[in-house]
Amino acid sequence: MRQIWDIHGGIHPPENKHQSLGEKIQTAGIPSQLILPLSQHIGAPAAPVVNVGDRVLKGQLIAEAKGFVSAPVHAPSSGTVVAIEPRIIPHPSGMTAPCVIIETDNKDEWIAHKGLSDYTGETKETLLDIIRNAGIAGMGGAGFPSAVKLAGHPSKPIDTLIINGTECEPYITADDILMRERAEQIIAGVKILQYIVQPSEQTLIGVEDNKPEGIAALQAAAAGSNIEIVVFPTKYPSGGEKQLIQILTGREVPSGGLPADIGIVCQNIGTAVAIHRAIEFGEPLISRITTVTGNACQQPRNYETLLGTPVQYLLDKSGFDSSRCSRLVMGGPMMGYTLEDTATPIVKTSNCVLAPTRDELPAPPPAQACIRCGMCAEACPVSLLPQQMYWFSRAQEHDKLEEHNLFDCIECGACSYACPSNIPLVQYYRASKAEIRQAQQDKAKADRSKVRFEARKERIEQEEAEKEAKRKARLEAAKAKQASAAAGDSKADAIQAAIERSKAKKAAQEGGNAPTENASPENLDPAQAAIARAQAKRAGGEVDETSEQKTERLEKQVASTEKRLTAAQQKLTLAQEQGDDKVAAFATAVEKTQAKLDSSRQELEAHLASLKSAAPAEPPQAELDPAQAAIARAMAAREAQANLSETDKLQQNVSSLETRIAKAEQKLAQAKEQGAETVGVLEDSLAKLQDKLADARQQLENHNLESQS
Amino acid sequence: MALLKISSPHAHGPMSTAKVMRLVILATLPGILALTWFFGFGTLSNILWASISALAFEALALKFRSRPIGFYLNDCSALVTAVLLGIALPPASPIWLILVGTGFAILICKQLYGGMGYNPFNPAMAAYVMLLISFPVEMTTWLQPFDGGVMGNSALLGPIEALQHSLGLGSVDAVTAATPLDILKQNSSATLAELWQQTPQFGQYAGIGWEWANAGFLLGGAYLLYRRVFTWHAPLSMLIALSVMAALFYDGGSSNSGGSPLFHLFSGATMLGAFFIVTDPVTSAVSNRGRVVYGALIGILVYLIRSWGNYPDAIAFSVMLMNFAAPLIDHYTQPRTYGHKKSAKESN
């Protein structure tokens with residue numbers, strides 16, 4: 001006998017499974033309308049590939065997978081797409097999400113499809129493609145796209161394939177009845193899974209011992225294969241993936257890890273059947289077994305249900321009495337969520353619709369104080385201390401909660417079930433998890449902002465420093481110029497001064513670094529001297545009017561024009577008062593004066609601005625020969641480029657990309673307005689630019705992080 | 001159709017806090033029966049007055065705190081406190097003593113901290129300690145047990161007499177005697193065998209009556225264990241620690257002996273403490289490992305105080321001391337969660 005392990009805690013709620021096992025699986029039939037949510041799985045929602053008004057056939061692709069972790073959606077029956085719009089989907093929040101609505105035509109006309117006659121001749125990749133294209137997602141509850149889970153990773157070899165037939169939740173019998181009636185299909189599916197996963201050690205089907213008929217059927221079907229049916233005592237929540245792994249192998253999935261990390265892949269038996277149908281018959285996932293049960297239903301039973309079937313349709317078939325129903329649960333009584341609307345459709349993960357009466361699942365009594373009795377800790381399958389977490393949760397002590405491994409909570413509800421004070425513990429944990437996730441997101445956002453802010457601050461500081469340096473240089477230059485101007489009363493003096501300066505400069509350059517320039521004051525090149533003289537002359541001539549004198553002159557001009565304007569205005573007012581016929585003439589005069597004033601003001605402003613922004617290197621450059629000046633300019637430019645930090649370069653890159661994107665968007669908008677053919681091209685280029693921008697931003701962020709550390 | 005919007009789980013177990021409390025009260029019955037058989041109706045009169053006053057105090061406090069009175073009285077937690085205090089007090093204690101005790105337990109130790117679940121100390125034990133320190137004479141006057149007439153006194157208090165005695169009415173004169181723990185504590189010359197011969201209060205293993213009262217509480221505790229009201233960790237580790245300590249200092253039954261393990265297990269409030277006080281969930285450690293530590297430390301403390309402290313019995317003191325320590329124990333005994341190599345504490 002194979003060794004099985006026990007999980008910590010667990011509870012034994014009333015099973016209530018017999019009610020829905022009285023009959024065989026019934027085909028629910030085709031409802032007049034099918035509502036197919038684009039997101040029936042974990043991952044990115046599918047994108048519709050049909051339009052309103054299209055006729056679709058059974059099994060036809062109506063929405064394609066978007067991204068790697070995603071699953072396509074197929075039409076469960078033939079009919080017409082009547083709408084693609086938000087409808088209520090099965091979700092704890094009762095939210096709406098985009099759905100494809102199909103008006104069925106009752107013909108149930110299949111699209112052409114064909115299975116593989118012998119899959120063993122195909123590669124693993126081919127089979128995974130078929131599974132992916134069939135839209136198969138985990139049917140036990142989570143709805144993780146099966147192909148992604150099965151693809152695995154070369155670095156994580158799989159030794160054990162586990163098929164989950166536990167079905168530990170009370171009331172639900174979808175897997176049980178599947179085992180009883182379709183054991184051969186399950187085993188066929190498991191064999192395909194074996195072929196894909198290639199488990200090096202074992203393939204186990206785990207079933208709780210409360211399903212003797214299902215176990216017998218499976219054992220008969222699996223006879224002669226290397227698939228082992230492992231039976232273990234019934235206890236909730238043995239069917240949790242992590243719990244089942246522990247029971248069957250004694251291994252624990254590391255916190256935050258996946259079963260593949262310890263060489264295990266887990267699949268639900270319903271998924272195995274779906275894979276069998278997809279590979280061997282070419283049928284996509286368009287129906288599933290759903291249990292409809294609870295005492296508010298007169299005929300609880302299991303239905304082969306088309307995906308998209310409204311819950312109301314199933315309830316009607318089961319003799320549902322709404323007056324007796326306390327709540328409508330999608331899933332089981334431990335982990336299911338309530339539905340607000342019976343128009344909610346059945347999706348890939350809907351294993352049960354539970355319609356209990358008020359006596360069956362009464363409204364919860366008011367919670368009493370926690371007496372820390374520890375019954376919750378006794379029930380917890382992952383060895384948490386729920387009562388401690390409850391106190392921390394109430395006090396919003398997030399650090400303590402994480403220290404107590406809040407995120408290892410699987411929300412099975414065993415603690416709440418066991419709590420004698422009726423405290424909705426799981427609800428507290430859900431709320432706290434959400435709060436912590438929110439806080440983490442906020443923190444990440446704040447951190448990013450901080451990095452950005454600090455980079456910006458640094459940049460601004462650098463710019464300020466550069467400006468300051470320039471300002472100082474300018475100031476000194478202006479002083480030197482003034483001094484030379486003051487000294488340069490006569491042209492000869494000015495020339496002499498220029499020569500002196502030039503000599504000094506040469507000497508400085510020679511002393512500094514330039515072996516190329518052998519020029520000393522004694523053996524100054526005659527040509528250079530001539531140039532210097534000429535420049536000095538020009539300087540002496542033009543700079544006759546120094547900038548200060550110019551400022552003065554311009555200011556005077558402005559002042560006098562202002563006076564004239566005032567006088568003209570006075571005349572005009574007087575003329576207007578007296579009704580003089582010269583009013584028009586005066587008005588023109590005022591206008592003219594005003595224009596003159598404006599222009600002289602502008603001149604003054606321009607002059608002042610030019611004073612401010614005059615390049616610091618200009619006066620010395622004037623004394624250099626042109627060749628040297630060019631070299632100096634080039635060097636300066638190179639230096640400026642070098643001084644431009646990596647951060648600034650990246651930022652420049654980002655901002656230029658942003659500008660380009662803005663332009664591209666404008667163009668695109670225009671093109672769209674005009675209905676131009678280039679929309680597609682523009683969209684592409686915009687997307688590319690956005691990618692580039694994202695890259696550039698990433699680089700910048702990385703760089704900032706690096707420079708921070 | 002108005003459908004209930006509520007998050008999972010939708011099913012709820014059959015256990016309720018009031019049920020737990022009622023089970024605890026039910027489980028004290030064998031012990032109370034033994035106490036009544038050997039010491040008369042004094043314990044029952046204690047419990048009667050304590051219950052009435054505790055409920056009254058609780059109602060009063062709830063009224064002041066504007067809480068729904070019926071809802072909270074129904075959880076029976078005040079009743080449990082009253083019953084435990086009534087058992088712990090000397091039989092037929094005066095009513096004022098009981099009133100002071102329940103008042104302190106309910107008003108100060110429980111409601112001032114926020115009511116059920118919020119009290120850091122076990123209210124019954126805190127009240128007991130307060131009374132013991134404040135009124136040592138009243139608190140150490142135990143009645144002589146009924147031994148079938150060997151000691152010459154078979155006039156146990158009847159129901160009426162017990163009530164009269166507690167009210168200070170009439171001229172009922174109960175015969176008092178030292179408890180075995182007291183006698184052993186005072187002893188410095190006689191060996192245990194001699195002591196057993198000399199003193200009529202001793203029975204088979206421990207004191208007459210005390211043995212049976214402890215056996216009664218042990219039975220009740222076993223029932224609660226069977227009903228899974230609490231786990232075995234704290235009581236068992238306390239009893240084992242106490243036995244180990246007693247065995248270590250048994251000293252072959254000499255005049256220095258602290259008494260045999262059996263003597264300690266069946267004397268004083270050992271079993272009451274182990275199954276009804278140490279298991280008080282509110283004030284004890286929370287994890288199973290923590291509860292083992294918590295219980296063991298109480299067992300050791302009980303022996304230390306009984307042998308070398310100033311008081312003959314020590315359950316209340318030990319429990320209160322460990323109530324202090326419970327949060328610290330919790331900090332270091334967090335269990336290993338599924339998928340973690342070590343507990344979060346240890347890996348830090």
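Rules used throughout
- Residues numbered from 1 in each chain as written.
- Chains lettered and ligands numbered in written order.
- Predicted model: local features only at pLDDT ≥ 70, side-chain atom pairs only at ≥ 80, totals over all residues.
- Heavy atoms only, no water.
- Helix = DSSP H or I, 4+ residues; strand = E, 2+ residues; numbered from the N terminus.
- Buried < 20%, exposed > 50% of the residue type's maximum accessible area, 1.4 Å probe, protein only.
- Contact = heavy atoms within 4.5 Å.
- Areas by Shrake-Rupley, 256 points an atom, 1.4 Å probe, with all protein chains shown as cover.
- Expected span 1.5 Å × (residues − 1).
- Bend = angle between axes of the 7 residues up to and from the residue.
- Domains from an automatic or database assignment.
- Buried area = accessible area lost by both parts, 1.4 Å probe.
- Salt bridge = Lys/Arg side-chain N within 4 Å of Asp/Glu carboxyl O.
- Nonpolar A, V, L, I, M, F, W, Y, C, P; charged D, E, K, R; others polar.
- UniProt positions renumbered as here; feature names shortened; annotations may be inferred.
- Polar contact = N/O pair within 3.5 Å; in protein donor to acceptor, adjacent residues only side chain to side chain.
- Phe/Tyr/Trp six-rings, centres within 6.5 Å; stacked < 30°, edge-to-face > 60°.
- Lys NZ or Arg CZ within 6 Å of the ring centre and 35° of its normal.
- Patch = residues over 30% accessible without salt bridge, like charges linked within 9 Å, V, L, I, M, F, W, Y side chains within 5 Å.
- Lys, Arg positive; Asp, Glu negative; His and termini not counted.
- Charge placed at Lys NZ, Arg CZ, Asp CG, Glu CD.
- Pairing = 2+ DSSP bridges.

Draft legend 1. Inspection of the overall build of chain A at higher detail. Scanning chain A for helices and strands turns up 20 helices and 17 strands. Per-residue burial for chain A yields a buried fraction of 44% across its 709 residues. Sequence separation of at least 24 residues holds for 72% of the intrachain contacts in chain A that already meet a minimum separation of 6. Roughly 35000 Å² of accessible area belongs to chain A as shown, and the carbon and sulfur atoms make up 52% of that amount.

Draft legend 2. Region of the structure containing helix α3 (residues 174-197) of chain A. Residue and element names in this part refer to chain A. For α3, which comprises 24 residues, the first-to-last C-alpha distance of 25 Å sits more than 12% below the rise-based estimate of 34 Å (1.5 Å per residue). The sharpest bend along α3 comes to roughly 100°, located at Arg 182. Summarising burial for α3: 17 of the 24 residues are buried, a large majority. Gln 198 lies just past α3 and shows a positive phi near 55°.

Draft legend 3. Representation of the domain arrangement of chain B in the model. All names here are of chain B. Taken as a whole, chain B is organised into domain 1 (15-177) and domain 2 (179-332). Each side of the interface is counted separately: domain 1 has 34 residues, and domain 2 has 29 residues. A combined buried area of about 2800 Å² lies between domain 1 and domain 2, and 83% of that area is made up of carbon and sulfur atoms. Counting across the domain 1 and domain 2 interface gives zero salt bridges. Per element, the largest residue contribution to the side of domain 1 that touches domain 2 is seven residues, and it comes from helix α2 (residues 29-39). By residue class, the composition of the side of domain 1 that touches domain 2 is 28 nonpolar, five polar and one charged.

Draft legend 4. Quick peek at the environment of Gly 29 of chain A. All names here are of chain A. With respect to the helices and strands, the residue Gly 29 is situated in the loop between β1 (26-27) and β2 (33-37). A relative accessible area of 23% places Gly 29 in the partly exposed class. Between the C-alpha atoms of Gly 29 and Lys 317, which are 288 residues apart in sequence, the distance is 9.9 Å. Here Gly 29 is in contact with Leu 306 and Tyr 313, once residues within four sequence places are set aside.

Draft legend 5. Quick peek at the UniProt feature "binding site: [4Fe-4S] cluster 2" (unreviewed entry) in chain A. All names here are of chain A. According to UniProt, the positions carrying the feature "binding site: [4Fe-4S] cluster 2" (unreviewed entry) are Cys 380, Cys 409, Cys 412 and Cys 415. The greatest C-alpha distance among the residues just named is 10.5 Å, despite their covering 36 residues of sequence, which places them together in space. If you trace the backbone, Cys 412 turns up in the loop between α10 (398-403) and α11 (414-418). Assessed through its relative accessible area of 5%, Cys 412 is described here as buried. Here Cys 412 is in contact with Tyr 236, Pro 237, Met 334, Met 335 and Pro 381, once residues within four sequence places are set aside. Mapped onto the elements, Cys 415 comes out in helix α11. Take Cys 415: its relative accessible area is 8%, and that puts it in the buried class.

Draft legend 6. Local environment of the UniProt feature "modified residue: FMN phosphoryl threonine" (unreviewed entry) in chain B. Residue and element names in this part refer to chain B. UniProt's entry tags Thr 179 with the feature "modified residue: FMN phosphoryl threonine" (unreviewed entry), counted in the numbering of this structure. Tracing the sequence through the fold places Thr 179 in the loop between β2 (176-177) and α10 (180-186). Every residue in contact with Thr 179, bar those within four places of it in the chain, is listed here: Trp 142 and Trp 210.

Draft legend 7. Inspection of the side chain of Arg 291 of chain B at higher detail. Turning to its location among the elements, Arg 291 of chain B is positioned in helix α16 (residues 288-308). Other than its neighbours up to four places away in sequence, Arg 291 of chain B contacts Arg 372, Cys 373 and Gly 374 of chain A together with Thr 231, His 233, Ala 234, Ser 237, Pro 281, Ser 284, Ala 285 and Val 286 of chain B.

Draft legend 8. Geometry of the domain arrangement of chain A. By the assigned domains, chain A splits into domain 1 (18-354), domain 2 (375-467) and domain 3 (636-673 + 680-709). Look at where the C-alpha atoms of domain 1 of chain A and domain 3 of chain A centre, and you get two points 46 Å apart.

Draft legend 9. View of the environment of Ile 89 of chain A. Residue and element names in this part refer to chain A. The topology assignment puts Ile 89 in the loop between β7 (79-88) and β8 (96-104). A sequence separation of ten residues divides Ile 89 from Cys 99, and the C-alpha atoms of the two residues are 8.3 Å apart. Residues within four places of Ile 89 in sequence aside, it is in contact with Pro 37, Met 95, Thr 96, Ala 97, Cys 99, Thr 344 and Pro 345.

Draft legend 10. Representation of the interface of chain B and chain A within the structure. Tallying the contact residues gives 44 residues for chain B and 65 residues for chain A. Summing the contributions of chain B and of chain A, the shared interface buries around 4600 Å²; its carbon and sulfur component is 55%. Three residues stand out in chain B for area buried against chain A, namely Lys 5, His 10 and Tyr 338 of chain B, and they jointly supply 18% of the buried area on that side. Here chain B is connected to chain A by one salt bridge. Measuring nitrogen to oxygen at the nearest pair gives 2.6 Å for the salt bridge that ties Arg 336 of chain B to Glu 252 of chain A. For the pair chain B and chain A, the interface holds 30 residue pairs in polar contact (both at pLDDT 80 or more). Contributing elements (two or more residues each) for the side of chain B that touches chain A: α1 (17-27), α16 and α18 (344-347) of chain B. The element contributing the most residues to the side of chain B that touches chain A is α1 of chain B, with three residues. Of the residues in the side of chain B that touches chain A, the class split is 20 nonpolar, 17 polar and seven charged.

Draft legend 11. A look at the packing of aromatic side chains. Taken as a whole and judged by the stated rule, the model has 14 aromatic pairs over all chains. Aromatic side chains Phe 121 of chain B and Phe 324 of chain B sit 4.9 Å apart centroid to centroid with 75° between the ring planes, which places their arrangement in the edge-to-face category. In this pair, Phe 121 of chain B sits in the loop between α6 (95-110) and α7 (123-134) while Phe 324 of chain B sits in helix α17 (residues 315-332), placing the two residues 203 residues apart along the sequence. On the basis of relative accessibility, which here comes to 15%, the residue Phe 121 of chain B falls in the buried class. Here the aromatic residues Tyr 390, Trp 391 and Tyr 428 of chain A together with Tyr 118 of chain B are joined through ring pairs into a cluster of three or more. One Lys or Arg, Arg 277 of chain A, reaches over the ring of Phe 281 of chain A and ends 4.5 Å from the middle of that ring.

Draft legend 12. Just the pattern of salt bridges, in detail. Residue and element names in this part refer to chain A. Within the structure shown, the criterion is met by 25 salt bridges over all chains. Notably, a salt bridge pairs Arg 180 with Glu 213, separated by 3.2 Å at the nearest N-O pair. Taken together, the residues Arg 180 in helix α3 and Glu 213 in helix α4 (residues 212-222) connect sequence positions 33 residues apart. In this structure Glu 213 comes out as exposed when scored by relative accessible area, which is 51%. What emerges from the salt-bridge pattern is a single network uniting Arg 55, Asp 105 and Glu 109.

Draft legend 13. Region of interest: the side chain of Lys 211 of chain A. Residue and element names in this part refer to chain A. Within the secondary structure, Lys 211 is located in the loop between β10 (202-208) and α4. Of the residues examined, Lys 211 reaches a relative accessible area of 0% and is grouped as buried. Not counting residues within four places of it along the chain, the set of residues in contact with Lys 211 comprises Lys 17, Gly 165, Thr 166, Glu 167, Asp 176 and Met 179.

Draft legend 14. Spotlight on a negative patch on the surface. All names here are of chain A. Taken together, the side chains of Glu 458, Glu 461, Glu 463, Glu 464 and Glu 466 make up a negatively charged region of the molecular surface. Assignment of secondary structure puts Glu 463 in helix α12 (residues 425-487). On the accessibility criterion, Glu 463 (40% relative accessible area) is partly exposed.

Draft legend 15. Fine view of helix α13 (residues 233-248) of chain B. Residues and elements named next belong to chain B. Between its first and last C-alpha, α13 extends 22 Å over 16 residues, near the 22 Å set by a 1.5 Å rise per residue. Within α13 the residues assigned to the buried category are His 233, Ala 234, Pro 235, Ser 237, Met 238, Leu 239, Ala 241, Leu 242, Ser 243, Met 245 and Ala 246. As for α13, its buried residues are in contact with α14 (261-265), α15 (270-277), α16 and α17.

Draft legend 16. Layout of the sheet that holds strand β6 (residues 73-74) of chain A. All names here are of chain A. Strand order across the open sheet formed by three strands is β3-β5-β6, with antiparallel pairing between neighbours. For this open sheet the edge positions go to β3 (47-48) and β6, each flanked by a neighbour on one side alone. For strand β5 (residues 61-64) and β6, the ladder comprises two bridges, and the chain directions are antiparallel. By the bridge assignment for β6, Leu 61 is matched with His 74.

Draft legend 17. How the structure looks around the UniProt feature "transmembrane region" (unreviewed entry) in chain B. Residue and element names in this part refer to chain B. Under the present numbering, the feature "transmembrane region" (unreviewed entry) in UniProt falls on residues 20-41, 71-89, 125-143, 205-225, 232-250, 262-279, 291-308 and 314-333. Between the C-alpha atoms that bound residues 20-41 the distance is 26 Å, and the span itself is 86% helix and 0% strand. Its end C-alpha atoms 26 Å apart, residues 314-333 is made of 90% helix and 0% strand.

Draft legend 18. Focus on unusual backbone geometry. Between Tyr 236 of chain A and Pro 237 of chain A the backbone carries a cis peptide bond, its omega angle lying at 0°. Relative to the elements of secondary structure, Pro 237 of chain A occurs in the loop between β11 (227-232) and α5 (241-249). Positive phi, close to 55°, is recorded for Ser 383 of chain A, a residue that is not glycine. Summarising the element assignment, Ser 383 of chain A is placed in the loop between α8 (375-379) and α9 (386-394). Its identity is not glycine, yet Ala 92 of chain B carries a phi of approximately 55°, on the positive side. The residue Ala 92 of chain B is located in the loop between α5 (77-88) and α6 in this model.

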